[in-house]
Amino acid sequence: MERRTYLNAATLSALAEPHRLQIVELLIRQPLTVGEVATRLQLRQPQASKHLRVLSEAGIVRVEAVANRRICTLRAEPFRELDEWLSTYRQLWEDRFDRLDDYLQQLQQRQDETESQTDPHTDPEDQ
(Lines give C-alpha, C1' and ligand atoms only; values in the text may rest on other atoms or scores of the structure.)
Protein backbone atom coordinates (compact mmCIF):
# COMPACT_ATOMS: atom_id res chain seq x y z
CA MET A 1 0.00 0.00 0.00
CA GLU A 2 2.85 2.41 0.77
CA ARG A 3 4.36 1.98 -2.68
CA ARG A 4 1.05 2.79 -4.35
CA THR A 5 0.55 5.83 -2.14
CA TYR A 6 4.04 7.02 -3.06
CA LEU A 7 3.41 6.50 -6.77
CA ASN A 8 0.13 8.38 -6.59
CA ALA A 9 1.79 11.23 -4.71
CA ALA A 10 4.59 11.39 -7.28
CA THR A 11 2.07 11.33 -10.11
CA LEU A 12 -0.09 14.02 -8.55
CA SER A 13 2.92 16.16 -7.69
CA ALA A 14 4.26 15.95 -11.24
CA LEU A 15 0.87 16.76 -12.75
CA ALA A 16 0.27 19.70 -10.38
CA GLU A 17 2.43 22.04 -12.46
CA PRO A 18 0.39 23.54 -15.35
CA HIS A 19 3.07 23.10 -18.05
CA ARG A 20 3.55 19.45 -17.15
CA LEU A 21 -0.19 18.86 -17.27
CA GLN A 22 -0.24 20.51 -20.70
CA ILE A 23 2.59 18.23 -21.83
CA VAL A 24 0.55 15.20 -20.77
CA GLU A 25 -2.43 16.57 -22.70
CA LEU A 26 -0.24 16.91 -25.80
CA LEU A 27 1.20 13.42 -25.45
CA ILE A 28 -2.25 11.84 -25.12
CA ARG A 29 -2.72 12.49 -28.83
CA GLN A 30 0.68 11.30 -30.06
CA PRO A 31 4.35 10.92 -29.16
CA LEU A 32 6.35 14.12 -29.66
CA THR A 33 9.97 15.16 -29.62
CA VAL A 34 11.25 17.49 -26.93
CA GLY A 35 11.49 20.24 -29.55
CA GLU A 36 7.88 19.71 -30.63
CA VAL A 37 6.71 19.91 -27.02
CA ALA A 38 8.67 23.13 -26.53
CA THR A 39 7.27 24.66 -29.72
CA ARG A 40 3.66 23.76 -29.01
CA LEU A 41 3.80 25.13 -25.48
CA GLN A 42 5.91 28.11 -26.48
CA LEU A 43 8.65 27.15 -24.04
CA ARG A 44 12.40 27.23 -24.47
CA GLN A 45 13.79 23.76 -25.04
CA PRO A 46 15.65 23.66 -21.67
CA GLN A 47 12.37 24.43 -19.87
CA ALA A 48 10.55 21.70 -21.78
CA SER A 49 13.39 19.27 -21.02
CA LYS A 50 13.20 20.09 -17.31
CA HIS A 51 9.43 19.45 -17.21
CA LEU A 52 9.84 16.23 -19.19
CA ARG A 53 12.55 15.08 -16.78
CA VAL A 54 10.16 15.54 -13.83
CA LEU A 55 7.44 13.62 -15.70
CA SER A 56 9.93 10.91 -16.58
CA GLU A 57 11.17 10.59 -12.98
CA ALA A 58 7.54 10.24 -11.85
CA GLY A 59 7.13 7.42 -14.38
CA ILE A 60 4.53 9.30 -16.41
CA VAL A 61 6.56 9.84 -19.57
CA ARG A 62 9.08 7.63 -21.33
CA VAL A 63 11.79 9.46 -23.26
CA GLU A 64 13.52 7.39 -25.92
CA ALA A 65 16.60 8.51 -27.83
CA VAL A 66 16.26 7.93 -31.58
CA ALA A 67 19.34 9.19 -33.43
CA ASN A 68 19.68 12.81 -32.28
CA ARG A 69 16.01 13.16 -31.28
CA ARG A 70 14.33 12.35 -27.99
CA ILE A 71 10.83 10.95 -28.49
CA CYS A 72 8.42 11.37 -25.57
CA THR A 73 5.48 9.04 -24.99
CA LEU A 74 3.04 8.61 -22.14
CA ARG A 75 3.18 5.54 -19.95
CA ALA A 76 -0.19 4.03 -19.08
CA GLU A 77 0.72 2.51 -15.69
CA PRO A 78 0.63 5.69 -13.56
CA PHE A 79 -2.77 6.58 -14.97
CA ARG A 80 -4.11 3.09 -14.25
CA GLU A 81 -2.85 3.35 -10.68
CA LEU A 82 -4.37 6.80 -10.35
CA ASP A 83 -7.66 5.50 -11.73
CA GLU A 84 -7.63 2.61 -9.23
CA TRP A 85 -6.98 5.06 -6.41
CA LEU A 86 -9.78 7.34 -7.60
CA SER A 87 -12.19 4.41 -7.98
CA THR A 88 -12.38 4.19 -4.18
CA TYR A 89 -13.62 7.75 -4.04
CA ARG A 90 -15.84 7.27 -7.07
CA GLN A 91 -17.58 4.37 -5.29
CA LEU A 92 -17.92 6.43 -2.12
CA TRP A 93 -19.67 9.24 -4.01
CA GLU A 94 -21.88 6.84 -5.96
CA ASP A 95 -23.00 5.26 -2.68
CA ARG A 96 -23.72 8.68 -1.22
CA PHE A 97 -25.69 9.74 -4.28
CA ASP A 98 -27.70 6.51 -4.10
CA ARG A 99 -28.52 7.22 -0.44
CA LEU A 100 -29.43 10.82 -1.32
CA ASP A 101 -31.70 9.58 -4.11
CA ASP A 102 -33.42 7.17 -1.70
CA TYR A 103 -33.86 9.95 0.84
CA LEU A 104 -35.31 12.35 -1.76
CA GLN A 105 -37.74 9.68 -2.93
CA GLN A 106 -38.88 9.16 0.67
CA LEU A 107 -39.40 12.90 1.10
CA GLN A 108 -41.35 13.08 -2.14
CA GLN A 109 -43.52 10.15 -1.08
CA ARG A 110 -44.24 11.81 2.30
CA GLN A 111 -45.07 15.08 0.61
CA ASP A 112 -47.42 13.34 -1.84
CA GLU A 113 -49.15 11.55 1.05
CA THR A 114 -49.52 14.79 3.02
CA GLU A 115 -50.91 16.65 0.02
CA SER A 116 -53.43 13.92 -0.77
CA GLN A 117 -54.65 13.93 2.86
CA THR A 118 -55.10 17.71 2.97
CA ASP A 119 -56.45 18.29 -0.55
CA PRO A 120 -60.14 19.31 -0.21
CA HIS A 121 -60.79 18.20 -3.78
CA THR A 122 -59.79 14.63 -3.07
CA ASP A 123 -62.71 12.26 -2.74
CA PRO A 124 -62.32 10.36 0.57
CA GLU A 125 -63.55 7.18 -1.14
CA ASP A 126 -60.58 7.40 -3.57
CA GLN A 127 -58.12 7.19 -0.69
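Residues numbered from 1 in each chain as written. Predicted model: local features only at pLDDT ≥ 70, side-chain atom pairs only at ≥ 80, totals over all residues. Heavy atoms only, no water.

(A) Structural view of the pairing of strand β3 (residues 69–74). Bridge count between strand β1 (residues 32–33) and β3: two bridges; the pairing is antiparallel. Looking at the pairing, Leu 32 lines up with Cys 72 of β3. As paired strands, strand β2 (residues 61–66) and β3 are joined by six bridges and run antiparallel to one another. When the bridges of β3 are listed, Val 61 appears paired with Leu 74. Two successive antiparallel strands, β2 and β3, enclose a turn made up of two residues, where Ala 67 displays a positive phi of approximately 55°. (Pairing = 2+ DSSP bridges. Helix = DSSP H or I, 4+ residues; strand = E, 2+ residues; numbered from the N terminus.)

(B) Here's a closer look at helix α3 (residues 34–41). For α3, every residue scored as buried is listed here: Val 34, Val 37, Ala 38 and Leu 41. With its buried residues spanning 100° around the axis, α3 presents them on a single face. Tucked into the core, α3 has its buried residues touching α2 (18–29), β1, α4 (45–57) and β3. Positioned one or two residues after α3, Gln 42 has a phi angle of 55°, which is positive. (Buried < 20%, exposed > 50% of the residue type's maximum accessible area, 1.4 Å probe, protein only. Arc of directions from axis to C-beta. Contact = heavy atoms within 4.5 Å.)

(C) Structural view of unusual backbone geometry. Its identity as a non-glycine residue notwithstanding, Gln 42 has a phi of 55°, on the positive side. The residue Gln 42 is located in the loop between α3 and α4 in this model. A residue is classified by how much of its surface remains accessible, and Gln 42, at 75% relative accessible area, is exposed. Even without being a glycine, Ala 67 presents a positive backbone phi close to 55°. Here Ala 67 shows up in the loop between β2 and β3.

(D) How the structure looks around the packing of α3 against α4. Where α3 contacts α4, the axes come no closer than 9 Å and their chain directions differ by 110°. The pairing of α3 with α4 is recorded here as roughly perpendicular in orientation. Crossing of α3 over α4 shows right-handed handedness. Residues Val 34, Gly 35, Val 37 and Ala 38 of α3 lie in contact with α4, whose contacting residues are Gln 45, Ala 48, Ser 49 and Leu 52. Across the contact of α3 with α4, the residue classes tally to five nonpolar, three polar and no charged. (Axes fitted to C-alpha atoms, helices over the stretch in contact; angles between N-to-C directions. Parallel < 35°, antiparallel > 145°, perpendicular 65-115°, else oblique. Left-handed = near helix turned anticlockwise from the far one by under 90°. Nonpolar A, V, L, I, M, F, W, Y, C, P; charged D, E, K, R; others polar.)

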